[in-house]
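Chain by chain, the residues run as shown.
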Amino acid sequence: MPIDGSVIEGGSSVDESMVTGESMPVEKQVGDRLIGATVNGTGSMVMRTERIGAGTLLAQIVRMVGEAQRSRAPIQKLADVVAGYFVPAVIVAAVITFGVWGAFGPAPRMAHAIVDAVAVLIIACPCALGLATPMSIMVATGKGAGFGVLFKNAEAIEVMREVDTLVVDKTGTLTEGKPKVAAVVAVDGDEAALVRFAASLEQGSEHPLAAAIVDGAKTRGVALAQVAEFASVTGKGVTGTLEGRSVGLGNNKLMADLHVVLDPLATQAEAMRTDGQTVMFVAVDGKLAGIIGVADPIKETTAVAIRAFRADGIRVVMLTGDARTTASAVAKKLGIDEVVAEVLPDQKAETIKRLQGEGRIVAMAGDGVNDAPALAQAQVGIAMGTGADVAMKSAGITLVKGDLEGIARARRLSRATIRNIEQGLFFAFIYNVLGVPIAAGVLYPAFGILLSPMLAAAAMSLSSVSVIGNALRLRRMKL
């Protein structure tokens with residue numbers, strides 16, 4: 001679609017997955033809304049332009065992403081807080097050391113005052129303090145990349161451990177995002193023949209569901225036949241002639257036009273819909289031959305990941321533009337209690353804001369353009385590497401494999417990294433707590449011990465080595 005508008009003539013099926021997240025195409029008739037940048041399937045339409053430029057939905061999504069990113073305040077790092085007090089304290093300690101030795105020290109007083117003051121400044125050099133955070137972050141990002149978890153910045157690493165609410169999109173995040181044949185029910189029990197009729201007919205169609213049926217036939221090793229008199233009935237299905245037999249495949253409306261009785265499988269068809277499948281009826285010579293259910297399969301690792309999140313005390317919310325029936329069916333399979341369905345991109349961002357208003361630390365996982373505003377609004381945006389570029393641009397974390405278990409890995413790595421940073425800061429600080437008084441000469445009255453600037457430099461270097469060695473331990477952790 002070149003721009004936002006509405007249908008004034010004709011009709012077609014439109015792939016709106018980039019905006020709504022719905023993997024199934026949407027049938028468009030006169031009066032229906034069209035969204036710029038979505039993809040027309042089979043059929044032709046005449047549309048009226050209604051919004052252009054900055055007024056289009058896609059432009060609004062881009063604007064919302066920018067606003068959400070700009071509104072996020074930077075998190076104050078622990079190292080900054082420590083350094084804010086530490087550096088002035090060291091300078092004061094050096095000045096006091098110089099003054100005390102200059103006033104009360106042994107001869108030559110000024111020489112002792114200068115040497116000891118310099119020793120204080122050297123041993124308290126905040127090199128280790130400055131290394132603690134970036135070293136741990138650098139090692140952690142490398143470790144995460146090795147497991148397909150890409151952190152955009154240190155802020156994402158820091159906040160991820162505090163997340164208590166995970167909002168997930170359905171299509172492409174919980175599911176594979178590619179429709180597949182989920183069920184085949186033949187009236188006479190011959191499923192292979194039913195698939196052959198359906199796939200042979202659908203090989204002449206450009207509809208996404210047709211590709212799923214044809215792929216299903218190939219997987220089953222079913223040979224396809226040539227179809228004559230192929231016709232696509234917009235919003236209903238397809239018809240044609242196969243080996244002298246009249247075949248029709250589509251929804252209830254097409255079956256009604258062909259005067260096909262659906263009673264034998266009506267109950268089973270409804271059960272399949274409740275299970276989240278899109279049901280298509282197959283009619284041969286005016287009689288119902290069977291039904292084929294097409295669904296978007298749930299990723300193999302999704303259920304395990306969801307259970308892990310719940311066991312960790314994380315509230316899981318499904319937020320999707322998909323139909324409520326389909327979303328609820330997927331949520332039921334995965335044990336997700338809270339579902340927000342049939343929402344537009346701006347409504348997704350509003351849902352994130354609502355959760356944040358409740359005091360929640362929210363992570364949002366998604367893969368499409370429609371998820372970008374919500375990803376930017378969340379404290380931590382998590383994009384599937386198999387999704388849209390704008391989603392990855394908006395997110396603080398990208399999962400290269402598009403695997404939800406990557407979120408659990410990111411959370412474990414986040415906790416280990418912050419813990420490692422705190423340990424590094426401890427090493428940096430404890431050297432100074434012990435070294436500064438010695439460099440200042442507190443042991444001289446009792447033991448006659450003074451710390452030369454050279455030894456102070458060695459001690460300072462040792463603190464940096466300790467911090468670096470501690471940060472490198474992250475490389476050995478198991479994710």
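Residues numbered from 1 in each chain as written. Predicted model: local features only at pLDDT ≥ 70, side-chain atom pairs only at ≥ 80, totals over all residues. Heavy atoms only, no water.

### Considering the overall build of the protein
- If you tally the helices and strands in the protein, you get 19 helices and 19 strands.
- Its C-alpha atoms put the protein at 115 × 45 × 35 Å along the principal axes.
- Counting all 479 residues of the protein, 48% fall into the buried class.
- Partitioning the contacts of the protein with sequence separation of at least 6, the portion at a separation of at least 24 is 67%.
- Side-chain charges in the protein split into 45 positive and 46 negative, and the spacing between the mean points of these groups amounts to 9 Å. (Helix = DSSP H or I, 4+ residues; strand = E, 2+ residues; numbered from the N terminus. Buried < 20%, exposed > 50% of the residue type's maximum accessible area, 1.4 Å probe, protein only. Contact = heavy atoms within 4.5 Å. Lys, Arg positive; Asp, Glu negative; His and termini not counted. Charge placed at Lys NZ, Arg CZ, Asp CG, Glu CD.)

### Re a positive patch on the surface
- A contiguous patch of positive charge, built from Arg419, Arg473, Arg475 and Arg476, is present on the exposed surface.
- Mapped onto the secondary structure, Arg473 falls in the segment after helix 19 (453–472).
- Looking at Arg473, the relative accessible area reads 39%, which means it is partly exposed. (Patch = residues over 30% accessible without salt bridge, like charges linked within 9 Å, V, L, I, M, F, W, Y side chains within 5 Å. Areas by Shrake-Rupley, 256 points an atom, 1.4 Å probe, with all protein chains shown as cover. Salt bridge = Lys/Arg side-chain N within 4 Å of Asp/Glu carboxyl O.)

### A closer look at unusual backbone geometry
- The step from Ala107 to Pro108 runs through a cis peptide bond, and the omega angle for that step is -10°.
- Take Pro108: it is sitting in the loop between helix 3 (78–104) and helix 4 (109–123).
- A positive phi angle, near 85°, is found at Ala37, a position not held by glycine.
- With respect to the helices and strands, Ala37 occurs in the loop between strand 4 (33–34) and strand 5 (39–40).
- One non-glycine residue with positive phi stands out, namely His259, at about 60°.
- A relative accessible area of 68% means that His259 is categorised as exposed.

### Thoughts on the pairing of strand 17 (residues 362–366)
- In terms of residue burial, strand 17 counts as a mostly covered element, since five of its five residues are buried.
- Here strand 17 shows two buried faces, one formed by Val362, Met364 and Gly366 and the other by Ala363 and Ala365.
- Sheet topology places strand 8 (residues 165–168) next to strand 17; four bridges connect them, and they run parallel. Across the sheet, residue Val167 finds its bridge partner in strand 17, namely Met364.
- As defined by bridge partners, strand 17 adjoins strand 18 (residues 380–384) across four bridges and the pair is classed as parallel. The residue of strand 18 that forms the bridge with Ala363 is Val380. (Pairing = 2+ DSSP bridges.)

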